[in-house]
Every structure is written in C-alpha cells, then in structure tokens.
Amino acid sequence: MPTSTPDALWSSPAAGRLRPVAVEVNDLARWVGHQPLLDGIELAVPVGTRVLLAGVDAEAPSLLLRIMAGLARADRGSVTLAGLQRGSAIPEGWARRIGFVGSDPGIPLWMTAAESLDLAARLSGIEGPDRQRRIEESLQHFQLGAIRDRPLQHAGRIILERTALAAALLPDPEVLLLDEPLRSATAPDRLRLLRIPGERRTVLIASRYPAQQGGIVDRVILIRDGRVALHAPIGELDAQRLPLSLRGLTALADLVS
Amino acid sequence: MILTIHVARQLWIQLRLLGILALPAIATFVAVIVDGQSGSREAGRIALALGLATAAVLSAALVGGGFAEEIRSGAAAWLVVRAVPRTALIGAWFVLPALAVLVAFVLAGILAGLALPLALVQAPDPIAVAVTLVAVAAPALPLSAAGLVIAVYAPVRVTMVAVIGLALIVALPLVLLGDAAVHAASGYWLVAGMVPADRPITVGLQATGLCMAVAGLLWGVAALLFVRRDL
C-alpha cells in the first residue's frame, strides 16, 4: 500500500541517514484531580519504530496516547505526529496519516463492518476505486468477510476490535496509536495482527500487560512519576536478563538512571 | 456532508428521528379527538397547544439523549480521532434535528388546518400561519441545545429526564406570568387562541427570535464544554 508521504522523500538518502522523528512530545503535562499523571513528558520516537508504552501508573500511557490522538486535552506542552500538529492540520491529512484504536472500539454498532470501513475511508479523503479496493483488502486481512454486511451489534467483541484496527489501518497511517489493542484476541491472533507491516510506519502500543507485547515491539518506554523514566531498545532487557514486565522495566529504569 | 449523513442515519436507526417526526402529528391527532369528543373549539385548541408543547419537549429530550449516547458509546471519539472537528459534530447534532423538528411541526400544522376548526390555521394569510408554526416549533431549539449541554457530561437517561424537567421548570413561570407577547412560548398561546390572532406575525417573530437567541447561546456553551471534554 502506498503511504501518504511522497515516496521520493522516503527514498532519499537523507531520510535514511537522519532517521526522522515520527512522534515528538515536548513538556507534556496533564493533571487528573490533584495528581499529575503526566508531568513534563519529553519524547522523540524515530520513524519505523514499534514502541511499548508502560506506566507505573497504569492510566498514564493510555492518557498520553489519547492526548496524542486529540481525545484528551493537555494542560501544557505540544505533540507533533508525522510532522503534523492536530490543531493546524487539514482534517483529511491528519485522518490519513494518524491512526488510533482505543481500548473501547467505539464503532457505531448499527453499522456493518463494511460500512464502518467505508466511513473511515471517506473521512480520510480516500475516494474512487482505491477506496473499494482498500476495504476489500482489509476485510480479507482481518477475516471480516463473513460478517461484512451484518450490523456489528450482532458481533462479538473480538470482531469489534478487529474492525476498529482495520478501520485505523485503512488509510495506511504513518503513525498508529494503539491503546490496549485486541484484548479479546488469542495470543497467536494478537501476534499476527499487531505485527503491522510497513517500515515507515511508527506504532505506539500502550499496555498494562507488557509481556503480551513480546515479538511486537522493538523499544520500550516506561512512564514513572509523570515522566519518561526509560526509553530503550527491548534488547536492553535481554542484556540485563530482565523480563518484559512492569517489574523488569522498572528495574531497567533504575539501572539506567 | 459525510457527517450530516452519519448523524441522520444515527438518529434514524435509533428511531429518534421517527419520534421527532411523529410526535407533532400524534399531538394533532389527540387534539382532533379531544375536539370531537368535547365539542368545544377552545378545548381542541388548548389540547393542540399542549400537545405540540409536549412534542417539542420530547423532541428535545430525544436529541439530547441521542448525543449523550453518541458520546457514551465511543462513536464521538471514533469520529474525532479521524479529525472530525468537535464543533462540526455537535453542530450536526443541533442543525439536523432542528430541521427535522421544523418539518414535523409544519406537517402537523397542515394536518391541524385540515382537521381542526381553528381560526388561526384557517386564516387566509399563509405568512401568519407559517410564522405561527415556526414559533410553535421554536421552543424545541433552546431545549435541544440545553439537552446538548447536559449530554456532554450526563448519561442518556439522565439527559432525557433533565431536559423534560428543565422544560417544566421553565414553562411554569411562563404560564404564571402569562405575558404572551414576549416570552418564548407565544406560539402555543397563538394556537390556543389566548393571544389576539390579529397580530400573529409580530408575536410569532418575537417568540422565534427569543428562542433562537437562547438556543444559539446554549449551543455555544455546549460546544465549549464538548471541545474541552475528554472522550
């Protein structure tokens, strides 16, 4: 599938050398009640990285992703995704380059799987035969063909989650934000569906269960006390013989600091 | 356009649009029955005015409930992450039902004109009739906007009950004060024959203008709250 960023840009030698940043977060803060869940987050994620976001406070990674997606507000700070800032981006451009799947699929249940993909494509500005082709490919890849024309209210949660992921991937986004994705899926299904192709695509996964993300991510980020306490390649855990778990990430953060 | 179609389908599938379109017609049928049973022209008029007022309140409750469900189900978030502006979403949830309310009340007015011996709706001046019908539909607009304000934070049932409660709280002093020339419910007084029908355009326009001003203000509050709300 083509990406929305011109191929000429990506194929330039400069892009390969510079490893441009896909996700940039500056001094992001958000208080919930009297507690700063995010307190000065600084983050730069290179293009093509698969990142696990975990938090000592389990709400923090989810909140960070929702702020990035425009679902929650920040008290201060800025977020730039794929070179775009949400407030100033053209809506179709944002919808095409940034994908988000929340822990709640959120798709209107009266829609069929095919209708929800069609609406996602239209909102991303994908028109003509390309739209139909992408919908058919998605239905096939996510094994939704059998229920394509049935309202989703008759489908189980696993189908809803798959449809939500399919809709997010339909515009072929450059940055994909996944908040506890595919919770109902079996382990092999999760691995198959979350090993998302595309070397230019950057994927951030927020999860309370880091161990489930093994084989999917190549970097880990730990948020502790509202700040990034660890941002390291996943190989660092192996090097220190630490498990991919919240305890392991916390121990690695202590070692690094 | 995509958003408008989406909201229209959402309203239709939840049967809310059907309710908005049918309620004024049902109110008219009830008034016709009351008129026929009582044999009193005044009773028929008052029944029609009360019925249409009830239809306006229930329509507003349906709109508020629909928007609350859009937020609670996550459908609003699903649209917002696809860069649908929040103001456009809440705008569609106001404009589309408002048009439906207007159409429903005009149809009910035609029905009333055909079925009831009301002096007003049988008046030869079509502009006066049209202005009166719009004035009768107009109170649904600020109530719908109030429903949107409540729906930003409240669940579906709470929103619907709150809209109905708010309508009762607002209506009571209006009835007691009874200054039909200035207050928002003047259209009902016109229909009920409690305002002299020789100046329906003035009264109707005053009522509609007041309702639209309050609706605009409340919609602004709802949009401001919705933009700041976490989804």
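Since this is a predicted model, take the numbers as computed values, not measurements.

Rules used in this analysis
Residues numbered from 1 in each chain as written. Chains lettered and ligands numbered in written order. Predicted model: local features only at pLDDT ≥ 70, side-chain atom pairs only at ≥ 80, totals over all residues. Helix = DSSP H or I, 4+ residues; strand = E, 2+ residues; numbered from the N terminus. Buried ≥ 20, exposed ≤ 12 C-beta atoms within 10 Å, placed from the backbone. Contact = placed C-beta atoms within 7 Å. Nonpolar A, V, L, I, M, F, W, Y, C, P; charged D, E, K, R; others polar. Pairing = 2+ DSSP bridges. Axes fitted to C-alpha atoms, helices over the stretch in contact; angles between N-to-C directions. Domains from an automatic or database assignment. Parallel < 35°, antiparallel > 145°, perpendicular 65-115°, else oblique. Left-handed = near helix turned anticlockwise from the far one by under 90°. Core = buried A, V, L, I, M, F, W, Y, C linked by C-beta atoms within 7 Å. Arc of directions from axis to C-beta. Right-handed = clockwise from strand over helix to strand, strands pointing away.

(A) A look at the environment of A:Met111. Residues and elements named next belong to chain A. For Met-111, the position within the fold is in the loop between β5 (98–101) and α5 (113–123). On the neighbour-count criterion, Met-111 (22 C-beta atoms within 10 Å) is buried. Between the alpha carbons of Met-111 and Arg-150 there is a distance of 7.9 Å; along the sequence they are 39 residues apart. When neighbours within four sequence positions are excluded, Met-111 is seen to be in contact with Ser-116, Pro-151 and Leu-152.

(B) Layout of the interface of chain A and chain B. Counting residues at the interface gives 21 residues for chain A and 18 residues for chain B. Every element with two or more residues in the side of chain A that touches chain B is listed here: α4 (91–97) and α5 of chain A. Split by residue class, the side of chain A that touches chain B holds 14 nonpolar, four polar and three charged.

(C) Region of the structure containing the sheet that holds strand β6 (residues 175–179) of chain A. Residues and elements named next belong to chain A. The strand order β5-β6-β7-β3-β8-β9 describes an open sheet built from six strands, whose pairing is mixed. Pairing within the sheet leaves two strands with one partner each, and these edge strands are β5 and β9 (227–233). Each adjacent strand pair in this sheet contributes to an overall mean axis angle of 15°, direction not counted. Bridging between strand β3 (residues 50–55) and strand β7 (residues 202–206) involves four bridges; their strand directions are parallel. Residue Leu-53 lies in a different strand from β7, and its bridge partner there is Ala-206. Helix α7 (residues 157–169) rests against β5 and β6 of the sheet, and its axis sits at about 170° to β5. Against the sheet, helix α10 (residues 246–256) makes contact with β3, β8 (219–224) and β9, and its axis sits at roughly 95° relative to β9, the strand it touches most.

(D) Region of interest: the domain arrangement of chain A. Residues and elements named next belong to chain A. We note that the domain assignment places domain 1 (21–82 + 174–257) and domain 2 (106–172) within chain A. Averaged C-alpha coordinates put domain 1 and domain 2 at centres separated by 26 Å. Taken together, the residues that form the side of domain 1 that touches domain 2 break down as six nonpolar, one polar and one charged.

(E) Looking closely at the environment of A:Met68. Residues and elements named next belong to chain A. Position of Met-68 relative to the elements: it lies in helix α3 (residues 59–69). For the pair formed by Met-68 and Val-79, sequence separation is eleven residues and the distance between their alpha carbons is 6.3 Å. Beyond its immediate chain neighbours, meaning those up to four positions away, Met-68 contacts Val-79, Leu-81 and Leu-177.

(F) Representation of the packing of helix α1 (residues 2–13) of chain B against helix α5 (residues 86–115) of chain B within the structure. All names here are of chain B. At their nearest, the axes of α1 and α5 sit 9 Å apart, and the two run at 60° to each other. Our classification of the angle between α1 and α5 gives oblique. The chirality of how α1 crosses α5 is right-handed. On α5, the residues that touch Leu-3, Thr-4, Val-7, Ala-8 and Leu-11 of α1 are Ala-88, Leu-89, Ala-92, Trp-93, Leu-96 and Pro-97. Counted by class, the contact of α1 with α5 contains ten nonpolar, one polar and no charged residues.

(G) Summary view of the nonpolar core. Core analysis: the largest hydrophobic core is formed by 157 residues, its most contacted members being A:Leu53, B:Leu52 and B:Leu148. The greatest single-element share of this core, amounting to 16 residues, is contributed by helix α3 (residues 41–72) of chain B. Not counting residues within four places of it along the chain, the set of residues in contact with A:Leu53 comprises A:Pro61, A:Leu64, A:Leu65, A:Leu204, A:Ile205, A:Ala206, A:Ile221 and A:Ile223.

(H) Main features of α10(A). Residue and element names in this part refer to chain A. Inspection of α10 places Leu-249, Leu-252 and Ala-253 among the buried residues, and these make up the whole buried set. With its buried residues spanning 100° around the axis, α10 presents them on a single face. Exposed positions of α10 whose direction lies more than 90 degrees from the buried face are Arg-247, Asp-254 and Leu-255.

(I) Looking closely at unusual backbone geometry. All names here are of chain A. At Asp-172, a residue that is not glycine, the phi angle is positive and equals roughly 60°. Topologically, Asp-172 is positioned in the loop between α7 and β6. A positive phi is found at Asp-225, a non-glycine position, where the angle reads about 55°. As for its placement among the helices and strands, Asp-225 is situated in the loop between β8 and β9.

(J) Representation of the sheet that holds strand β2 (residues 35–46) of chain A. Residue and element names in this part refer to chain A. Taken in spatial order, the three strands of this open sheet run β2-β1-β4, and their pairing is antiparallel. Here the strands that pair on one side only, and so sit at the sheet edges, are β2 and β4 (76–81). Sheet twist, expressed as the average angle between the axes of neighbouring strands with direction ignored, equals 15°. In the sheet, strand β1 (residues 21–32) pairs with β4 via five bridges, with the strands oriented antiparallel. For Asn-26, the partnering residue across the bridge sits in β4 and is Ser-78. The strands touched by α3 within the sheet are β1, β2 and β4, with β2 carrying the most contacts at an inclination of about 65°.

(K) Structural view of the pairing of β7(A). All names here are of chain A. Most of β7 sits out of view: five of its five residues are buried. Neither face of β7 is open: one carries Thr-202, Leu-204 and Ala-206, the other Val-203 and Ile-205, and all of them are buried. Summarising the sheet, β6 and β7 pair through five bridges and their orientation is parallel. For Leu-177, the partnering residue across the bridge sits in β7 and is Leu-204. Considered for its hand, the β-α-β crossover made up of β6, helix α8 (residues 187–194) and β7 is right-handed.

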